[in-house]
Amino acid sequence: MARKESITKQMLLDTAFQMTREEGMENVTTRRLADHAKCSTQPIFRIYRGMEELYDDVYEMAITFFSDFYRSYQSRDETPFINLGMAYIQFAKIEPKLFQLLFLGPKRNNRGLYELINGNDGALLKEIQKAQKDRVGHPENLFMKMWIFIHGAACMVITGDYDLTDEQTLDLLQDSYQAYKALDFEE
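Rules behind the numbers
Residues numbered from 1 in each chain as written. Predicted model: local features only at pLDDT ≥ 70, side-chain atom pairs only at ≥ 80, totals over all residues. Heavy atoms only, no water. Buried < 20%, exposed > 50% of the residue type's maximum accessible area, 1.4 Å probe, protein only. Helix = DSSP H or I, 4+ residues; strand = E, 2+ residues; numbered from the N terminus. Arc of directions from axis to C-beta. Axes fitted to C-alpha atoms, helices over the stretch in contact; angles between N-to-C directions. Parallel < 35°, antiparallel > 145°, perpendicular 65-115°, else oblique. Contact = heavy atoms within 4.5 Å. Nonpolar A, V, L, I, M, F, W, Y, C, P; charged D, E, K, R; others polar. Phe/Tyr/Trp six-rings, centres within 6.5 Å; stacked < 30°, edge-to-face > 60°. Salt bridge = Lys/Arg side-chain N within 4 Å of Asp/Glu carboxyl O. Core = buried A, V, L, I, M, F, W, Y, C linked by side-chain atoms within 4.5 Å. Polar contact = N/O pair within 3.5 Å; in protein donor to acceptor, adjacent residues only side chain to side chain.

### A short note on helix α8 (residues 123–133)
- Within α8, the full set of buried residues consists of Ala123, Leu124, Glu127, Ile128 and Ala131. All buried residues of α8 fall inside an arc of 140° around its axis, so they share one side.

### A few points about the packing of helix α4 (residues 51–72) against helix α6 (residues 96–104)
- With their axes 10 Å apart at the nearest point, α4 and α6 run at an angle of 105° to one another. Classified by the interaxial angle, the pair formed by α4 and α6 is roughly perpendicular. Residues Tyr59, Ala62, Ile63, Phe65 and Phe66 of α4 form the contact with α6, whose participating residues are Leu98, Leu101, Leu102 and Phe103.
- Counted by class, the contact of α4 with α6 contains nine nonpolar, no polar and no charged residues.

### Brief notes about the side chain of asparagine 118
- Residue placement: asparagine 118 occurs in helix α7 (residues 113–118).
- A relative accessible area of 14% places asparagine 118 in the buried class.
- Excluding anything up to four places from it in sequence, asparagine 118 contacts Ala123, Leu124 and Leu125.

### A closer look at the packing of aromatic side chains
- Across all of its chains, the model carries 14 aromatic pairs by this definition.
- Where phenylalanine 69 meets phenylalanine 91, the ring centres are 5.2 Å apart and the plane angle is 65°; that geometry is what we call edge-to-face. Pair noted here: phenylalanine 69 is in helix α4 and phenylalanine 91 is in helix α5 (residues 82–94), with a separation of 22 residues, a long-range link. There is no split in this pair, since phenylalanine 69 and phenylalanine 91 are both buried.

### Some points on the pattern of salt bridges
- What the rule picks out here adds up to twelve salt bridges.
- Notably, a salt bridge pairs arginine 76 with aspartate 166, separated by 3.9 Å at the nearest N-O pair. You can see arginine 76 sitting in the loop between α4 and α5 and its partner aspartate 166 sitting in helix α10 (residues 166–186), a full 90 residues away along the chain.
- Take arginine 76: its relative accessible area is 30%, and that puts it in the partly exposed class.
- Note that lysine 181 and aspartate 134 form a salt bridge whose closest N and O atoms lie 3.1 Å from each other. Of the two residues, lysine 181 is situated in helix α10 and aspartate 134 in the loop between α8 and α9 (139–159); the sequence distance between them amounts to 47 residues.
- For aspartate 134, a relative accessible area of 24% puts it in the partly exposed group.
- One continuous salt-bridge network, built from bridges that share partners, spans Arg76, Lys93, Asp166 and Glu167.

### Quick notes on the environment of lysine 126
- Inspection of the secondary structure puts lysine 126 in helix α8.
- A relative accessible area of 45% places lysine 126 in the partly exposed class.
- Considering only alpha carbons, one finds lysine 126 and phenylalanine 81, 45 residues apart in sequence, at a separation of 9.4 Å.

### Some details on the nonpolar core
- Leu12, Phe81 and Phe103 are the most contacted members of the largest nonpolar core, which totals 59 residues.
- In terms of residue count, the dominant contributor to this core is α4 (ten residues).
- Other than its neighbours up to four places away in sequence, phenylalanine 81 contacts Leu124, Glu127, Ile128, Ala131, Pro139, Leu142, Phe143, Met146, Ile150 and Tyr177.

### A word on the side chain of glutamate 127
- Here glutamate 127 lies in helix α8.
- Given the relative accessible area of 5%, glutamate 127 is considered buried.
- Within the structure, glutamate 127 has its side chain in polar contact with the backbone nitrogen of phenylalanine 81 (distance 2.6 Å).
- Once residues within four sequence positions are removed from consideration, glutamate 127 is found in contact with Tyr70, Thr79, Pro80, Phe81, Ile82 and Leu84.

Bear in mind that shape data such as this cannot, by itself, settle questions of function.
What follows is the structure, encoded as structure tokens:
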């Protein structure tokens, strides 16, 4: 009678993802994963050809996790790019290790930052379309200006240099949007 496999790919992936959330992907090694999964290293290499393959799966799981986070983020404002910015900054606060993995690291599984933010449901494209409806002549340019501010704020969260409240952040994002929108009309 064949022995039942007790360690599954999903179990290893879930364990590696949780480790990444808590400690960062750089700390997910074969031995540490085996310890956390309560198995030897043998099932890891039976299921995955190597750790890079596991890292790719963890990365894809992190992308989905961010997309779900953004989709479930409570809408606070109808102004284009504001909710995206608030969710992005909040993600940095709540999930700093995943934020670093997705938005600060070199590994993006051949995706640009635009693709990561846009997600599977076209979140960024929808925001650009909202800006067009708000009569912004160059919504992509306005987004890039907003994005520099948004990404900078999220990076400050990661380094511990951001102490603004959500309300203050919301006010700054709204002010930035209005200022950049006014510049758009002058260009």
